[in-house]
Amino acid sequence: MVAGPASTRRRSTLDRLRADLLAAAAVVVLSALPDPARAQALPSLASDEPILLQADEVEYARELELVVARGNVEVAQGDRIVRADSLTYNRRDGIVTAQGNVAMVEPDGSVMFASYAQLDEGFAKGIARDLKARLADQTLLVAAGSTREGRFTQMDKAAYTACELCEDKPDRPALWQIKADKVTHDEQTRDIVYRDATLELLGVPIAYTPYFSHPDPTVDRRSGVLAPTYRSNSTLGSRIDIPYYIVIDPATDATVTPMWTTDQGAGLSAEYRRALDNGAYALEGMIADATDDVARDNVRGYIAGRGRFDLTDTWRWGFDGIWAGDDTVLRVYDITNRETLTSTLYAEELNGRDYAQIAGYWFQGLRSTQRQSELPTALPMAQWSRLGAPGMAPLGGQWRMESSFAGLSRQDGTDSYRATVGGGWNRSYIGSEGGVYTLTANLRGDGYVVDDLTDDGRSFNGTAGRILPEIALDWRLPMVRSDGETRQMIEPIVMGVISPYGGNSWKIPNEDSRDFEFDETNLFSTQRFSGYDRVEGGPRVSYGLRVGHYTGDGGQITGLVGQSLRARADDTFAPGSGLEDKVSDYVGRVVVTPNPNLDLYYRFRFDKDTFEPRRTDLGAAWIVDRASFDLSYTLLRADEREVTEDYTDREEVYFSAGYDITDDFKIFGSLRRDLENDRSINHGAGFAVDLDNCLYIVSEVRRSFSRDRDIQPSTDVLVRVVLRTLGGTY
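Here the structure is a predicted model, which is why all the values come from computation and not from measurement.

## Quick word on the overall build of the protein
For step 1, the next point in the chain: Along the backbone of the protein there are three helices and 41 strands.
For step 2, the next point in the chain: Out of the 730 residues belonging to the protein, those deemed buried represent 41%.
For step 3, the next point in the chain: For the protein, contacts bridging at least 24 residues in sequence account for 46% of all contacts bridging at least 6.
For step 4, the next point in the chain: Put simply, the protein shows about 38200 Å² of open surface, and 54% of that area lies on carbon and sulfur atoms.

Below you can see the structure in the form of structure tokens.
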């Protein structure tokens, strides 16, 4: 039996037939009976709503116990309407008959037609001829005949499609349809079964199965086979996945997916999901019998899990972890492209302005240059912060307090433990000239316990620490000019910071401040490092100019440019960072949005002496008529003193475009190219077509030029075909 969850199972040709056409006809006829027949029949009604009957003629033959309505008969109960040339109810044998142009409109919008329908009063038996239905989801159902016997409803010579028929040529076959000799609905087991079913495309049979079944619409979940997936690429060859969905209990389910590849052997993946009263979790994994020489023992796989659970109204805990059996398995099997895997176990509190967290982190490196024994385990990692209410601090303003603790240990390398306690206060003033002054005072202390630290031939085991006081004054003078619905804004900004030099002793390892970039987002930050292990000290001033032009129709042009000055050079910042000298590089951005269909941005860092671009991010997104474009250009110049395997000059361009040839046919493509080395990184093209709003096809060919051990340049060919209501959603 083929079955599955509601989100993935196919919709039956009988999905929207909540009540049999014959049963509905019987209800409305019984409801329309005159006294005393109506009084005796009413206990079997499906609804207590009033009944409206219209007909050219209504006759009740008492001797024959026969009720007949003739001519333009229309019976309405609530939103359900039944029409026929004639309706007859035989009280003696309990038979209801509707003849001639029988039609019923259901409350959900479904419309059903028949030439003849008959049902007994108990709704246990019935027949219909020439059944046709336009269901609420705009699908079509046709059957030569329908028979109801107890819990079973059987349709003969049935056809189902979600496609519109040609109005000019209604006899032309639908784009696709399913034909079956018999379709049976079992109301007790809630199954719909097809016998001798054939899928036709433009009237041509393309697939046949002697037996096919799925749950009816009243079933939320059911174990069974889900739709298979086929793909092909140069690494795995052809691959097919056939998932099987398992319902364990109302709160638990699983999916087991066998897979076969022509070039890398077979495999099995699984996912287990469970919902609890206070949260939910999911576990997944894969194991594959690979045939390549790179995979260790020819067995590859991964395991992963995630979950989150509420402890109280403010506390919760969770986990999110992943482990790979080898460095490339996740990319080969298209799981993820991450180069470092992070797993965490945490508990956290969110209570108004207060926040607290305690967590542990484990890392797995997937690069060829990474050694697992040198990656740290971070346990524990804890932080706490409290933010006061505005205006409630001494001298007005707002106060804050924070603390954190970090413990990092390695099999090979430095172990370190850090504790930090700090706080601050800030208050803003508006001067008589309109300037906005913000005074900030911060104080922070860091303590370290370090083991097995080496630096330039030196080694250290012991404790280290620092105290960092800091005072900053930020001044801004926003000047605005209005001209009708257009506004211009110019805002000079100057920020001065005073703090002591030093604080970055070689005895303090740098674990969390390695990835540093100087740009316009941290130009006016008192501390530009993202972590705790490195601090910026000494007197310094940052200045810049912010401008804006705003139109009444929502268009705008905004920009920011600035620079930072310090009393003396600071070797804490690496060469090429733009902040290592007394005078920094120039940083800024320009964003142009003339209308909702066009976005342009330019982010830059210019060398302070030569104005040579050191970092450039340029991009545009444009929608015009039926076309859409996305273009980005990235340039990064590495300092010659810091060139390494991972830190070199980069120049890259990315372009993607799409065009809607019609409302239902779109083509698209993309290109990513390394200009520094004059080679493509990846490119691809494809199309998507929606035929008659019933058949969706998307096809794409992608070429990747990446190389990493067993990962070689490959070509991926993807094809997806969806039959509306049967093959998924789109």
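Don't stop here, the text continues.
## Observations regarding the pattern of salt bridges
For step 1, the next point in the chain: The final tally for this structure, using the stated rule, is 52 salt bridges.
For step 2, the next point in the chain: Arg273 is the partner of Glu271 in a salt bridge, and the nearest nitrogen-oxygen pair spans 3.0 Å.
For step 3, the next point in the chain: Exposure remark for Arg273: the relative accessible area of 22% places this residue in the partly exposed category.
For step 4, the next point in the chain: Linked through salt bridges whose partners overlap, the residues forming this network are Glu517, Asp519, Glu520, Arg589, Arg603, Arg615 and Asp617.

## Focus on the side chain of Arg528
For step 1, the next point in the chain: Take Arg528: it is sitting in the loop between strand S30 (486-498) and strand S31 (540-550).
For step 2, the next point in the chain: With relative accessibility at 5%, the residue Arg528 sits in the buried group.
For step 3, the next point in the chain: Side chain to side chain, Arg528 and Ser542 meet in a polar contact 2.7 Å long.
For step 4, the next point in the chain: At 3.2 Å, the side chain of Arg528 and the side chain of Ser564 are in polar contact.
For step 5, the next point in the chain: Leaving out residues up to four positions away in the same chain, Arg528 has contacts with Phe516, Phe518, Asn522, Leu523, Glu536, Ser542, Ser564, Arg566 and Leu579.

## Side note on the confidence of the model for the protein
For step 1, the next point in the chain: Chain-level statistics for the protein give a pLDDT mean of 85 and a share of 88% at 70 or above.
For step 2, the next point in the chain: Here residues 1-46 is modelled with pLDDT under 50, and outside its nearest four sequence neighbours on either side it reaches 134 contacts, counting other chains as well.

Scoring rules and cut-offs
Residues numbered from 1 in each chain as written. Predicted model: local features only at pLDDT ≥ 70, side-chain atom pairs only at ≥ 80, totals over all residues. Heavy atoms only, no water. Helix = DSSP H or I, 4+ residues; strand = E, 2+ residues; numbered from the N terminus. Buried < 20%, exposed > 50% of the residue type's maximum accessible area, 1.4 Å probe, protein only. Contact = heavy atoms within 4.5 Å. Areas by Shrake-Rupley, 256 points an atom, 1.4 Å probe, with all protein chains shown as cover. Salt bridge = Lys/Arg side-chain N within 4 Å of Asp/Glu carboxyl O. Polar contact = N/O pair within 3.5 Å; in protein donor to acceptor, adjacent residues only side chain to side chain. pLDDT = per-residue confidence, 0-100.

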